[in-house]
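# Examining the three-dimensional arrangement
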Amino acid sequence: MKTEWMVMAILLAVLLFRLGRGLAQSTLLSLVQLLLLLSTALSLTGDSTTPLFGGMYLNGPLAAFQKSVLLFAAWMISLLFSDWQRESSHLSEYLILLLSSLLGMCFMVSSGNLLMLYLSLELATIPMAAAANLDLGRKRSSEGAMKLILSSAFSSGVLLFGISWVYGTTGSLDFGVIAKGIDGSPLQTLAFMFLFAAFAFKMSAVPFHLWTADVYQGSPMPVTAYLSVVSKGSMAFVLVNLLHGMFRSMSGAWYHLLMVVVLATLVVGNLFALRQQDIKRFLAFSSIAQVGFILLGMTGVRPLGPSAVTYFVLIYILSNLAAFGVAALVSARTGIEDIPSYKGLAKSNPFLAWMMALSLFSLAGIPPTAGFFAKMFLIVEGAWQGDYWFVVAAAINIAVSLYYYMRIVRLLFSEPEKSIPTLVPAPSERLGLLVCAVGMVLAGLLSWIYDHISTLN
Amino acid sequence: MTEPGLPHLLFIGAALFFIGVFGFLTRRNLITMLMSVELVLNSVCINFVAFNRYLWQERLDGVFITIFIIAIAAAEAAVAIAIIIHLYRSHRTIDVGAAEDMKH
């Protein structure tokens, strides 16, 4: 419960400053950055594991670590997007929305009851829809927010329909009791399909991905980054928990379902990413392809599955946020959002270009970066079921993704047509990018990080 | 005419759910789409209450989750309507077809 208390305290502090005389934008932002860093560090020291509220709230060592990962991502976002945040006329509203969503995600990761899961899921998604609309003057922002709120409301409805049938067949909402009552009857399979469809919606797995690119393109940059890393990561944590816990006895049924979804997600995500010209849409489709790998890691029903997913999400946060950070900086200072205009960025901004290149290497999974190891662990988990053609098909998709990631790296380092002015990142942005870079390189080389995560289970 | 029982209620629940899904997918007006989502949520409430009443009477889980669903649906509708009003101010319409600035 410690992590949630800290998030609540920061939330309350921002709210009080908003209601009171208020602080200068930059002071408030620095304060929140500092508090988020402190609470990330504190949450890593471990938490009590007693169940609370009659089993509604469960906390294990892995769940506590996953919450630290989410908090860390929120801290990175507060660092990396300081351009937008400082200039926004709604900084405190933005912070309140993002922090309440973060609070919902923390509760979601440690929920032990379907009612709690639903409540925290809504707490995590409704504020995001409001935050997506924060670029009030831009038409596209409200369009994206509309698409987000409608699709998330619809998917909650589908989720609840699934939950109602789970309740009808097992008579309880408690994870432990349900796990005992799951016998794989056709009704329960049906209920599981509804539940899974709702999660696929929220994680934007194919065929439920249609909202993703529009919402990502329309939202303000920090909100897009938040949706694509924190929101997706927390969904992955919860889904792996459900599949390996509550629905473990049905693994024969969901394995084949997951296999189809993984292949569709990888292929469609990659094919659409190939032809994107807008950097935000490009990152949206690349994140859809990455979700395919997360789901691949869940297919093997082994104790290490959740650890591999957690490690991947940590690496994915570092690499994707670095890419978003550079894109946000370039977009805020020069207005460039289409990929061809990045041509020759390395000439005038070597630091930014190298950061972008490193993060794309990591997203593609090139060996010295951590992205390689993260993907390898997931594929090893998937291979455990013995369907090697399936794993090979997934690996071929890595080769496809290499093409479009490297296309951008080539653009960055080729001769510029129009020169891009030299952009000096703010100190916090520089710090955030450096943390990402160090993390991407070291998290792969220092094997004790993965070892540590795998002992938490 | 038999006494209405669990199957009847579940039939109503399922029918309402799919009417809601159909409405959500075919309607072009944002307010109507929102109403369809409310239909989906209400169908779920019927399911929960029916299961609770006929199968699992000893505990009130089904009724409690229904109360929460109603409360959250209201919150969701409030945010959705705020967004739709803002969309109307900038686009002068609440037809989904008009809100297609971004293409795949």
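About the cut-offs
- Along each chain, residue indices are assigned from 1 in the same order as the chain's sequence is written.
- To label them, take the chains in the order written and letter them from A, then take the ligands in the order written and number them from 1.
- Local features in a predicted model are, by the rule used here, given only for residues with pLDDT of at least 70; side-chain atom pairs are given and counted only at 80 or more, and totals for whole chains, interfaces and linings are based on all residues.
- Based on all heavy atoms of the structure, the side-chain values leave hydrogens and waters out of the count.
- We count a stretch as a helix when DSSP gives it H or I for four or more residues in a row; a strand needs E for two or more, and each element gets its number in order from the N terminus.
- For the radius of gyration, the atoms used are the C-alpha atoms, and the globule rule reads 2.2 Å times the number of residues raised to 0.38.
- Residue exposure (1.4 Å probe, protein chains only): buried if accessible area is under 20% of the type maximum, exposed if over 50%, otherwise partly exposed.
- Any two residues whose heavy atoms approach within 4.5 Å at even a single point are treated as in contact.
- All accessible areas in this document rest on Shrake-Rupley with a 1.4 Å probe, and a residue is counted as covered only by the protein chains that are shown.
- Residues forming no salt bridge and having over 30% relative accessible area are the ones grouped into patches, like charges within 9 Å of each other and nonpolar side chains (Val, Leu, Ile, Met, Phe, Trp, Tyr) within 5 Å.
- A pair is scored as a salt bridge if a Lys or Arg side-chain nitrogen falls within 4 Å of a carboxyl oxygen belonging to Asp or Glu.
- Simply put, the buried area is the total loss of 1.4 Å probe accessible area from both parts when two parts are fitted together.
- Pairing of N or O atoms within 3.5 Å defines a polar contact, subject to two protein rules: one partner must be a possible hydrogen donor and the other a possible acceptor, and residues neighboring in sequence count only if both atoms are side-chain atoms.
- For a helix, the expected span equals 1.5 Å multiplied by the number of residues minus one.
- The pLDDT score gives, residue by residue, the confidence of the prediction method on a 0 to 100 scale.
- Pairs were defined over the aromatic rings of Phe, Tyr and Trp, the Trp ring being its six-membered one, requiring ring centres within 6.5 Å. Orientation was assigned from the angle between planes: stacked under 30 degrees, edge-to-face over 60, tilted for the rest.
- Note on geometry: a ring has a charge over it if NZ (lysine) or CZ (arginine) is within 6 Å of the ring centre and within 35 degrees of the ring normal.
- Between N-to-C directions, angles span 0 to 180 degrees; the directions come from axes that are lines fitted to C-alpha atoms, helices contributing only their stretch in contact.
- Orientation labels follow simple angle bins: below 35 degrees gives roughly parallel, above 145 gives roughly antiparallel, 65 to 115 gives roughly perpendicular, and whatever is left gives oblique.
- Note on convention: near helix rotated counterclockwise from far helix by under a right angle means a left-handed crossing. Clockwise means right-handed.
- Pairs of cysteine sulfur atoms within 2.5 Å are what we label disulfides.
- Residue polarity is assigned by list, with Asp, Glu, Lys and Arg as charged and Ala, Val, Leu, Ile, Met, Phe, Trp, Tyr, Cys and Pro as nonpolar; anything else, Gly included, falls into the polar class.

## Points about the overall build of chain B
Helix and strand counts for chain B come out as three helices and zero strands. Going from N to C terminus, chain B has its helices and strands arranged as α-α-α. Relative to the compact-globule value of 13 Å for 104 residues, chain B shows a C-alpha radius of gyration of 17 Å, a clear excess of over 25%. With the C-alpha coordinates of chain B rotated into their principal frame, the extents come out at 50 × 30 × 25 Å. Buried residues in chain B amount to 41% of all 104 residues. For chain B, the proportion of contacts with a sequence separation of at least 24, taken over those separated by at least 6, is 58%. In the form shown here, chain B has an accessible surface area of approximately 5,900 Å², with 68% of it arising from carbon and sulfur atoms.

## Here's the deal with the overall build of chain A
A tally of regular secondary structure across chain A gives 20 helices and zero strands. If one aligns the C-alpha atoms of chain A with their principal axes, the spans along those axes are about 65 × 55 × 45 Å. A separation of at least 24 residues holds for 83% of the contacts in chain A among residues at least 6 apart in sequence. Entry remark: accessible area of chain A is about 15,000 Å², with carbon and sulfur atoms responsible for 71%.

## Thoughts on a nonpolar patch on the surface
Residues and elements named next belong to chain A. On the surface, Val438, Val441, Leu442, Leu445, Leu446 and Trp448 cluster together into a nonpolar patch covering about 540 Å² of accessible area. The element that contributes the greatest number of residues to the nonpolar patch is helix α19 (residues 427–445), accounting for four residues. Relative to the assigned elements, Val438 resides in helix α19. With a relative accessible area of 46%, Val438 lands in the partly exposed category.

## Comments concerning the interface of chain A and chain B
With 43 residues of chain A in contact, the opposing surface of chain B contributes 43 residues. Roughly 3,900 Å² is buried in total at the junction of chain A and chain B, and carbon and sulfur atoms are behind 75% of that figure. Taken as a group, A:Leu150, A:Phe154 and A:Tyr167 account for 17% of the area that chain A buries against chain B, more than any other trio of residues on that side. On the surface where chain A and chain B come into contact, there are zero salt bridges. At the boundary of chain A with chain B, the tally comes to six residue pairs in polar contact (both at pLDDT 80 or more). Elements with a contribution of two residues or more to the side of chain A that touches chain B: α6 (114–132), α7 (139–170) and α10 (210–218) of chain A. Considering every element that reaches the side of chain A that touches chain B, the biggest residue donor is α7(A), with 24 residues.

## Quick notes on helix α17 (residues 370–383) of chain A
Residue and element names in this part refer to chain A. Look at α17: 20 Å from first C-alpha to last across 14 residues, which is about the 20 Å you get at 1.5 Å a residue. Across the 14 residues of α17, ten count as buried, placing the element largely inside the fold. For α17, the full list of buried residues reads Ala370, Gly371, Ala374, Lys375, Phe377, Leu378, Ile379, Glu381, Gly382 and Ala383. At its buried positions, α17 is contacted by α13 (279–299), α14 (305–334), α16 (350–364), α18 (388–413), α19 and α20 (447–455).

## A closer look at the side chain of A:Asp83
Summarising the element assignment, A:Asp83 is placed in helix α4 (residues 82–87). When near neighbours in sequence (up to four residues on either side) are disregarded, A:Asp83 contacts A:Leu329, A:Ala332, A:Arg333 and A:Glu429.

## Describing the environment of A:Leu296
Residues and elements named next belong to chain A. If you trace the backbone, Leu296 turns up in helix α13. On the basis of relative accessible area, Leu296 is assigned to the buried category, the value being 0%. Ignoring any residue separated from it by four or fewer positions in sequence, one finds Leu296 in contact with Val262, Leu378, Ile379, Gly382, Phe390 and Ala394.

## Quick notes on the confidence of the model for chain A
In the predicted model, chain A carries a mean pLDDT of 89, and 100% of its residues have values of at least 70. For chain A, the element scoring lowest by mean pLDDT is α20(A), at 83; α6(A) scores highest, at 94.

## What to know about the packing of aromatic side chains
For the coordinates displayed, the defined rule picks out 26 aromatic pairs over all chains. Aromatic ring contacts, followed pair by pair, group A:Phe161, A:Trp165, A:Phe194, B:Phe17, B:Phe18 and B:Phe51 into a single cluster. Against the face of A:Phe293 rests A:Lys375, its NZ or CZ located 4.7 Å from the ring centre. The ring of A:Phe351 is capped by A:Arg430, whose NZ or CZ atom sits 4.8 Å from the centre of that ring.

## Topic: the pattern of salt bridges
A full pass over the atoms with the stated rule returns eleven salt bridges over all chains. Close ionic contact of A:Glu93 with A:Arg18 constitutes a salt bridge, the shortest N to O distance being 3.3 Å. In this pair, A:Glu93 sits in helix α5 (residues 91–109) while A:Arg18 sits in helix α1 (residues 2–19), placing the two residues 75 residues apart along the sequence. With its nearest N and O atoms 3.6 Å apart, the salt bridge here joins B:Asp61 to B:Arg59. In this structure B:Asp61 comes out as buried when scored by relative accessible area, which is 13%. Bridged by salt links that share partners, the residues A:Glu143, A:Lys147, A:Asp214 and A:Arg281 form one connected network.

## A closer look at the side chain of A:Ser68
Mapped onto the fold, A:Ser68 is located in helix α3 (residues 61–80). Among residues more than four places away in sequence, those in contact with A:Ser68 are A:Thr40, A:Ser43 and A:Leu44.

## Let's talk about the packing of helix α1 (residues 6–26) of chain B against helix α2 (residues 30–54) of chain B
If you want to describe how two helices pack, look at the angle between their axes and the distance between the axes. Residue and element names in this part refer to chain B. Interhelical geometry of α1 versus α2 gives an angle of 165° and a closest axis separation of 8 Å. Between α1 and α2, the crossing angle belongs to the class labelled roughly antiparallel. In the packing of α1 onto α2, the handedness of the crossing is left-handed. When α1 is examined against α2, the residues Leu6, Leu9, Leu10, Ile12, Gly13, Leu16, Phe17, Ile19, Gly20, Val21, Gly23 and Phe24 are found in contact with a partner set consisting of Met33, Ser36, Val37, Leu39, Val40, Asn42, Ser43, Ile46, Asn47, Ala50, Phe51 and Tyr54.

## Observations concerning the state of the cysteines
One pass over the full model with this rule turns up zero disulfides over all chains. With no disulfide of its own, A:Cys436 lies closest to A:Cys106 among cysteine sulfurs, the gap being 19 Å.

## Comments concerning the packing of α7(A) against helix α3 (residues 61–91) of chain B
Closest axis-to-axis distance for the α7(A)/α3(B) pair is 9 Å, and the angle between their directions is 165°. As judged from the angle between their axes, α7(A) and α3(B) are roughly antiparallel. Judged by the twist between their axes, the crossing of α7(A) over α3(B) is left-handed. Residue-level inspection shows A:Lys139, A:Ser142, A:Glu143, A:Ala145, A:Met146, A:Ile149, A:Ala153, A:Ser156, A:Leu160, A:Ile163 and A:Tyr167 of α7(A) in contact with α3(B), the latter providing B:Asp61, B:Gly62, B:Ile65, B:Ile69, B:Glu76, B:Val79, B:Ala80, B:Ile83, B:His86, B:Leu87, B:Ser90 and B:His91. Residue classes in the contact of α7(A) with α3(B) are distributed as 13 nonpolar, six polar and four charged.

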